[in-house]
Amino acid sequence: MNIILLGPPGAGKGTQSAGLVERHGMRQLSTGDMLRAAVKAGTPVGLKAKEVMDRGELVSDEIVSDLIDAELAAMGQETGVIFDGYPRTAAQAEMLDAILARNGRVLDHVIELEVDEDALVERITGRFSCANCGALYHDTANPPATPGVCDSCGGTEFKRRPDDNEKTVRTRMQEYRAKTAPILPIYEARGIVSRIDGMAPIDTVAEQIDAILRG
Ligand code: AMP
């Protein structure tokens, strides 16, 4: 099973991907996570990507597609994949087709998380994660059960993404509207698009995703 989770920043792609990994043993391929790892490690890709990411603009199609290609090539075909934050442009969608074909994979579902854009800024500027295990939280919507202690690993250090500020978020949303939303018709023509209300509670969204995967 290979699926794309599509939706603007803050729609819940990362949260839902983590749930799918846990429930179904799928692999999450997040180009955002890969790029942040590259930035942290100071690799040539990271050095190139950092400023673009800080502005909320899109990194080049070739860079992100190469990252995805390398991950898939190193992975067994039996593992299902969730593409999280990729593809984000028509060119990437085309590259993904070629990458999937090369790796003997077929795209089963494109799931769009629909969200109210006004609520997104609130969602994004309130989010943070465990510095140790990466578990995702939100100041008001999804705080740790014990304040300051990670539910998953007990860690006490948390971090926020540098691009989760209002100015950058607005640019990221603009990029989504201008470049990413227009790729939906490509997949609609193939009859594999489903839409879910991404404003619903996390568990409700998860149930609806599972229903789509069950067919
Ligand atoms: P995300 O974690 O998906 O919100 O991505 C964070 C940032 O990484 C984005 O704002 C872009 O600068 C960059 N990025 C992630 N995925 C892609 C992609 N598929 N294409 C271009 N840039 C990307």
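The notes below deal with the structure included here. (Residues numbered from 1 in each chain as written. Predicted model: local features only at pLDDT ≥ 70, side-chain atom pairs only at ≥ 80, totals over all residues. Heavy atoms only, no water.)

**A short note on the packing of aromatic side chains**
Selection rule: Stacked, edge-to-face and tilted are the three classes for Phe, Tyr and Trp ring pairs, Trp counted by its six-membered ring, which pair at centre distances within 6.5 Å; planes under 30 degrees apart are stacked, over 60 edge-to-face, the rest tilted. Each helix is a run of DSSP H or I of at least 4 residues and each strand a run of E of at least 2, with the numbering of both proceeding from the N terminus. When a residue's accessible area, from a 1.4 Å probe over protein chains only, is under 20% of the maximum for its type it is buried; when over 50% it is exposed; and in between it is partly exposed.
One pass over the full model with this rule turns up three aromatic pairs. Aromatic side chains Phe128 and Phe158 sit 5.5 Å apart centroid to centroid with 80° between the ring planes, which places their arrangement in the edge-to-face category. Here Phe128, found in strand E5 (residues 127-130), pairs with Phe158, found in strand E7 (residues 158-159); they are 30 residues apart in sequence, far enough to count as distant. Residue Phe158 is classed as partly exposed on the basis of its relative accessible area of 25%.

**Structural notes on the sheet that holds strand E6 (residues 136-138)**
Short version of the rule: The pairing criterion is simple: DSSP has to find at least two bridges between the two strands.
One open sheet holds the three strands; their spatial order is E6-E5-E7, and the pairing between them is antiparallel. Strands at the two margins of the open sheet, each flanked by one partner only, are E6 and E7. Looking at chain direction, E5 and E6 are connected through three bridges and run antiparallel. Among the inter-strand pairings, Arg127 is bridged to a residue of E6, identified as His138.

**Re helix H3 (residues 44-55)**
In plain terms, the rule: Throughout, the arc means the angular range of directions from the helix axis out to the C-beta atoms. Residue contacts are counted whenever heavy atoms from the two residues lie within 4.5 Å of one another.
Buried within H3 are the following residues: Gly46, Ala49, Val52 and Met53. Down the axis, H3 shows its buried residues gathered within 140° of arc, on one side only. Facing away from the buried side of H3, by more than 90 degrees, are the exposed residues Pro44, Leu47, Lys48 and Glu51. In the core, the buried residues of H3 are packed alongside helix H2 (31-41) and helix H7 (166-180). Trailing H3 by a residue or two, Gly56 shows a phi angle of about 85°, which is positive.

**Focus: the site of the ligand**
Here is the rule we go by: Here, proximity means that at least one heavy atom of the residue falls within 4 Å of the molecule or strand. Only the protein chains shown count as cover for residues, and all accessible areas are computed by the Shrake-Rupley method using a 1.4 Å probe. In the scheme used here, Gly and all other residues not listed as nonpolar or charged are polar, with Ala, Val, Leu, Ile, Met, Phe, Trp, Tyr, Cys and Pro taken as nonpolar and Asp, Glu, Lys and Arg as charged.
Around the ligand sit 16 residues, and of these Thr31, Arg36, Glu57, Gly85 and Gln92 come closest. In isolation the ligand offers 480 Å² of accessible surface; the protein chains occlude 96% of this area. Per element, the largest residue contribution to the shell around the ligand is four residues, and it comes from H2. A breakdown of the residues in the shell around the ligand according to their chemical character gives six nonpolar, four polar and six charged.

**Quick notes on the sheet that holds strand E2 (residues 27-30)**
Stated formally: Only the stretch in contact is used when fitting a helix axis, every axis being a line fitted to C-alpha atoms; angles between N-to-C directions are given from 0 to 180 degrees.
Within the open sheet, the five strands sit side by side as E2-E3-E1-E4-E8. Their pairing is parallel. At either margin of the open sheet sits one strand with a lone partner, and together these are E2 and strand E8 (193-197). With direction set aside, neighbouring strand axes in the sheet form an average angle of 25°. When strand E1 (residues 2-6) meets strand E4 (residues 109-114), the two strands line up parallel, connected through four bridges. Each residue of the ladder has a partner; that of Ile4, found in E4, is Val110. Sheet strands touched by helix H4 (residues 61-73): E2 and strand E3 (81-84). Its angle to E2, the strand with the most contacts, is close to 160°.

**Thoughts on the pattern of salt bridges**
Convention followed: One speaks of a salt bridge when a side-chain nitrogen belonging to Lys or Arg is within 4 Å of a carboxyl oxygen belonging to Asp or Glu.
On inspection of all chains with the given rule, the structure shows 19 salt bridges. Ionic pairing is found between Arg195 and Glu188, a salt bridge with its closest N-O pair at 2.5 Å. In this structure Glu188 comes out as partly exposed when scored by relative accessible area, which is 36%. A single network of salt bridges, built from pairs that share partners, joins Arg127, Arg161, Asp163, Asp164 and Arg172.

**Some points on the side chain of Ser30**
Heads up, the condition is: As used in this structure description, the phrase polar contact means that two N or O atoms lie within 3.5 Å; if the pair is within protein, one of them must be able to donate a hydrogen and the other to accept it, and residues adjacent in sequence are counted only when both atoms belong to side chains.
Inspection of the secondary structure puts Ser30 in strand E2. Residue class for Ser30 comes out buried when judged on its relative accessible area of 6%. Polar side-chain contacts of Ser30 include one of 2.9 Å to the backbone nitrogen of Asp33.

**Considering the packing of helix H1 (residues 13-24) against helix H9 (residues 202-214)**
What counts, and what does not: These descriptions rest on fixed angle ranges, namely under 35 degrees for roughly parallel, over 145 for roughly antiparallel, 65 to 115 for roughly perpendicular, and the rest for oblique. With the far helix as reference, a near helix turned anticlockwise by less than a right angle produces a left-handed crossing, and one turned clockwise produces a right-handed crossing.
Relative orientation of the contacting elements H1 and H9 amounts to 60°, with a least axis distance of 10 Å. As the angle between them shows, H1 and H9 are arranged oblique. Here the hand of the crossing between H1 and H9 comes out right-handed. Mapping the contact onto sequence places Thr15, Gln16, Leu20, Arg23 and His24 in H1 and Ile202, Val205, Ala206, Ile209, Asp210 and Leu213 in H9. The residue inventory of the contact of H1 with H9, partitioned by class, reads six nonpolar, three polar and two charged.

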